[in-house]
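Structural features, examined
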Amino acid sequence: MKFLVYLAILLSTTYSVSGQLNVPTSINLFEGKLNFTGFAQQSGYSTEEYNVTTEDGYILTIFRIPGNSSQPVYLQHGLFGCSEAFIMRGNTSIAIALADEGYDVWVGNLRGNRYARRHTKLDPDTDKDKFFDYSFQEYGYYDMAAIIDFILDKTGQEKLSAMGHSEGNTFFYVLGATRPEYNDKINIAIALGPICFLDDIPLPTSLAVDTSPIINSVLKTLDEEELIGPQSLLRQLLVDICSVPDVGYKLCFDLIGFPLVGYDAEQFEPEFEPTLLQYYFSGSSRKNLNHLAQVARSSKFAKYDYGKVKNLVVYKSLSPPEYDLSKVTMNMALIVGANDKAATVQNANRLNATLPNVVKYHIMEQPKFNHIDFIVGRDTNKFMYPVLFELLEKYNNS
Ligand SMILES: *[C@@H]1O[C@H](CO)[C@@H](O)[C@H](O)[C@H]1NC(C)=O
Ligand SMILES: *[C@@H]1O[C@H](CO)[C@@H](O)[C@H](O)[C@H]1NC(C)=O
Ligand SMILES: *[C@@H]1O[C@H](CO)[C@@H](O)[C@H](O)[C@H]1NC(C)=O
Ligand SMILES: *[C@@H]1O[C@H](CO)[C@@H](O)[C@H](O)[C@H]1NC(C)=O
Ligand SMILES: *[C@@H]1O[C@H](CO)[C@@H](O)[C@H](O)[C@H]1NC(C)=O
């Protein structure tokens, strides 16, 4: 079966004139794999699925495990992720643990990923340049805003609790700064592995940041606007190669993954690796990665830099405006991993010192706690959930 898929992929990509490494949407790369609903069912929960349309026309499928509707909790995945981030660890996942506590659990998906590669007018394959013209600015300003409004409308509440992992919390800062009225719609925003300022970038990520202008031009020249999307051939190759027993873990994690996120093999056993990869790579855009690289290079949390000429047109200034973080007045909890190489303690310190309303700044005690432990660490339910539950309880009952 795999062989047939590869043959079809090979033929179709050979015929693809643009050279774009995407598999036709008629081939379902997720066949036979559980989705969010499937995981929830395994843990004894049923779900609801909703389509949320953003102001600018993207259609996002989001999931809900219904609970006490006066206590909605919204979970938002980060870079390249999807809703399964919060449930792929099964019974010890955040989504299930929150459902066990009675919370009404809502899990978002962002434009372009496997649950949101849809738009009212644009086609992601034929209108690629327009469809994928977004970065964390649009994820925050449009997607997060639309999802929050949808949840509040469905539950009849005025506020919800929100939790974002990795880039999933970058949107809190974008939304709070650009649409300050949303600060009042969130009773507590919990940032797991905060991604805002990116001054401290350890190797090897710093190499990618340093070479980002070149990488960006190459991708642009090749018209690669979508990166490792749900129908990407590269994605399927990565998943398959990294899932080869023993060798896959050594190659993909010991050599590449751990240096990027921080080494913590104890919390991430080889048997679990294929699951993470299957659900992790769900698509992003060239522009989004370049925007993150710009933040790292400039030491400024600012809007997308188009270059001087286009900046003048778009922003009426030569350089992109910085986000005004003094407007992010929502109650904010920063949860930080001591060994997180992607969201370092040093970067979190600057964020803590800049945001006006950090109600909790918590550095995980485990010295090896890394960037992925927040969502898939084997014992994260014991290490971290008590901190989350305490915060949620406090801000849902005051
Ligand atoms: C998730 O999987 C279930 C069961 O296989 C299926 O009925 C449902 O349509 C899927 N949902 C999405 C959004 O793909
Ligand atoms: C997860 O929880 C469900 C419901 O309680 C249970 O049926 C299932 O056996 C549990 N799975 C594991 C792997 O423990
Ligand atoms: C969401 O949209 C998809 C694609 O149009 C459709 O298949 C699905 O049934 C919709 N789901 C809901 C809950 O409306
Ligand atoms: C639902 O949450 C509200 C608000 O915290 C609480 O007052 C109520 O008792 C909860 N209901 C149930 C059935 O737990
Ligand atoms: C976080 O910021 C607050 C307010 O500026 C400061 O009092 C506190 O010491 C900071 N915490 C850490 C660990 O730097």
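Refer to the structure printed above.
Right, let's walk through the structure included here. (Residues numbered from 1 in each chain as written. Chains lettered and ligands numbered in written order. Predicted model: local features only at pLDDT ≥ 70, side-chain atom pairs only at ≥ 80, totals over all residues. Heavy atoms only, no water.)

Considerations on the overall build of the protein
Definition in use: Numbered from the N terminus, helices here are DSSP runs of H or I no shorter than four residues, and strands are runs of E no shorter than two. The size measure is the radius of gyration over C-alpha atoms, and the globule rule it meets is 2.2 Å times the number of residues to the 0.38 power. Here's how the labels work: a residue is buried when its accessible area is under 20% of the maximum for its type, exposed when over 50%, partly exposed in between, all with a 1.4 Å probe on protein chains only. We call two residues in contact when some of their heavy atoms are within 4.5 Å. Computed by Shrake-Rupley with a 1.4 Å probe, the accessible areas treat only the displayed protein chains as cover when residues are assessed. The charge count includes Lys and Arg as positive and Asp and Glu as negative, but it does not include His or the ends of the chains. We put the charge of a Lys on NZ, of an Arg on CZ, of an Asp on CG and of a Glu on CD.
Check the secondary structure of the protein and you find 17 helices and ten strands. In terms of overall dimensions, the protein is globule-like: its C-alpha atoms have a radius of gyration of 20 Å, near the 21 Å expected for 398 residues. By its C-alpha atoms, the protein is 60 × 55 × 40 Å across when sized along the principal axes. The buried share of the protein, reckoned over its 398 residues, is 56%. Taking the contacts inside the protein whose residues are at least 6 apart along the sequence as the reference set, 77% of them involve residues at least 24 apart. With an accessible surface of roughly 16800 Å², the protein has 55% of that area assigned to carbon and sulfur atoms. Charge centroids of the protein, computed over 34 positive and 46 negative side chains, lie 5 Å from each other.

Thoughts on the pairing of strand β9 (residues 332–336)
Quick note on the threshold: Each pair of strands is called paired provided DSSP finds at least two bridges between the two strands.
A large share of β9 lies buried, amounting to five of its five residues. Taking every second residue as pointing to the same face, both faces of β9 are buried, with M332, L334 and V336 on one and A333 and I335 on the other. Of the strand pairs in this sheet, strand β6 (residues 186–192) and β9 are connected by four bridges, and their pairing is parallel. Bridge pairing links A191 to L334 in β9. Pairing geometry for β9 and strand β10 (residues 358–363), over five bridges, is parallel. Residue pairing in the sheet places V336 in a bridge with I363 of β10.

Focus: the site of ligand 4
What counts, and what does not: The cutoff for a nearby residue is simple: one of its non-hydrogen atoms must lie within 4 Å of the molecule or strand. A 3.5 Å cut-off defines polar contacts: any pair of N or O atoms within that distance qualifies, except that in protein one atom must be a possible hydrogen donor and the other a possible acceptor, and neighbouring residues in sequence count only when both atoms are side-chain atoms. Under the convention adopted here, Pro, Cys and the residues Ala, Val, Leu, Ile, Met, Phe, Trp and Tyr are nonpolar, Asp, Glu, Lys and Arg are charged, and Gly plus all remaining residues are polar.
Close contacts around ligand 4 come from N68, S70, Q71, N396 and N397, and that covers them all. A distance of 2.3 Å separates an oxygen atom of ligand 4 from a polar side-chain atom of N68. Out of a free accessible area of 360 Å², ligand 4 has 35% covered by protein chains. Considering every element that reaches the shell around ligand 4, the biggest residue donor is strand β3 (residues 68–76), with three residues. Its residues assigned to classes, the shell around ligand 4 comprises no nonpolar, five polar and no charged.

Describing the pattern of salt bridges
Basically, it comes down to this: Salt bridges are identified by distance alone: a Lys or Arg side-chain nitrogen within 4 Å of an Asp or Glu carboxyl oxygen.
Tallied over the entire structure, the rule returns 18 salt bridges. A salt bridge links R64 to E48, with the shortest nitrogen-to-oxygen separation between them at 3.1 Å. Here E48 lies in strand β1 (residues 48–53) and R64 lies in strand β2 (residues 59–65), a separation of 16 residues in the sequence. The exposure class assigned to R64 is buried, which follows from its relative accessible area of 9%. Among the charged side chains, a salt-bridge network with shared partners connects E48, R64 and D104.

A word on helix α6 (residues 167–178)
Put simply, the rule is: Expected span of a helix, by definition, is 1.5 Å for each gap between consecutive residues, and there is one gap fewer than residues.
With twelve residues, α6 extends 17 Å from end C-alpha to end C-alpha; this agrees with the ideal 16 Å at 1.5 Å per step. Most of α6 sits inside the fold, with eleven of its twelve residues counted as buried. All of the buried residues along α6 are E167, G168, N169, T170, F171, F172, Y173, V174, L175, G176 and A177.

Some words on the sheet that holds β2
Adjacent strands of a sheet form backbone hydrogen bonds with each other and so pair up, either parallel or antiparallel. Operational definition: The convention used is that axes are lines fitted to C-alpha atoms, helices contributing only their stretch in contact, and that angles between N-to-C directions extend from 0 to 180 degrees.
Taken together, eight strands build an open sheet; the order of strands is β1-β2-β4-β3-β5-β6-β9-β10 and the sheet is mixed. Only two strands of the sheet have a single neighbouring strand rather than two, namely β1 and β10. On average, each strand axis in the sheet is tilted by 20° relative to the strand beside it, whichever way the strands run. Most of the contacts of helix α14 (residues 345–354) go to β10, to which it runs at about 165°, and overall it touches β9 and β10. Sheet strands in contact with helix α17 (residues 385–396) are β3, β4 (103–107), β5 (160–165), β6, β9 and β10, and its direction is about 165° off that of β6.

Considerations on a negative patch on the surface
For clarity, the threshold we go by: Candidate patch residues must exceed 30% relative accessible area and have no salt bridge, after which like charges are joined if within 9 Å and Val, Leu, Ile, Met, Phe, Trp or Tyr side chains if within 5 Å.
Together, D100, E101, E390 and E393 make up a negatively charged patch on the protein surface. When you line up the elements, E390 lands in helix α17.

Some thoughts on the nonpolar core
In summary, soluble globular proteins display a tendency toward joint burial of nonpolar side chains. Our working rule: Working definition of a nonpolar core: buried Ala, Val, Leu, Ile, Met, Phe, Trp, Tyr and Cys residues. They are joined through side-chain atoms within 4.5 Å.
The biggest cluster of nonpolar side chains holds 59 residues, and the ones touching the most others in it are L75, I94, L98, M163, I190 and M384. Top contributing element to this core by residue count: α17, with seven residues. Membership of the second largest hydrophobic core comes to 54 residues, among which are I147, L160, V295 and A343.

Focus on the packing of aromatic side chains
Each aromatic ring pair is summarised here by two numbers: the centre-to-centre distance and the angle between the ring planes. The criterion, for reference: Pairing of aromatic side chains requires ring centres within 6.5 Å, counting the rings of Phe and Tyr and the six-membered ring of Trp. Pairs whose planes differ by under 30 degrees are stacked, by over 60 edge-to-face, and all others tilted.
Tallied over the full model, the rule gives 32 aromatic pairs. Taken together, a centroid distance of 5.3 Å and an interplanar angle of 70° make the contact between F39 and Y279 edge-to-face. In this pair, F39 sits in helix α2 (residues 36–42) while Y279 sits in helix α11 (residues 273–280), placing the two residues 240 residues apart along the sequence. Look at F39 and you get buried, because its relative accessible area is 8%. When its relative accessible area of 5% is taken as the criterion, Y279 is described as buried.

Such coordinate-based values are descriptive only and should not be taken to indicate function.
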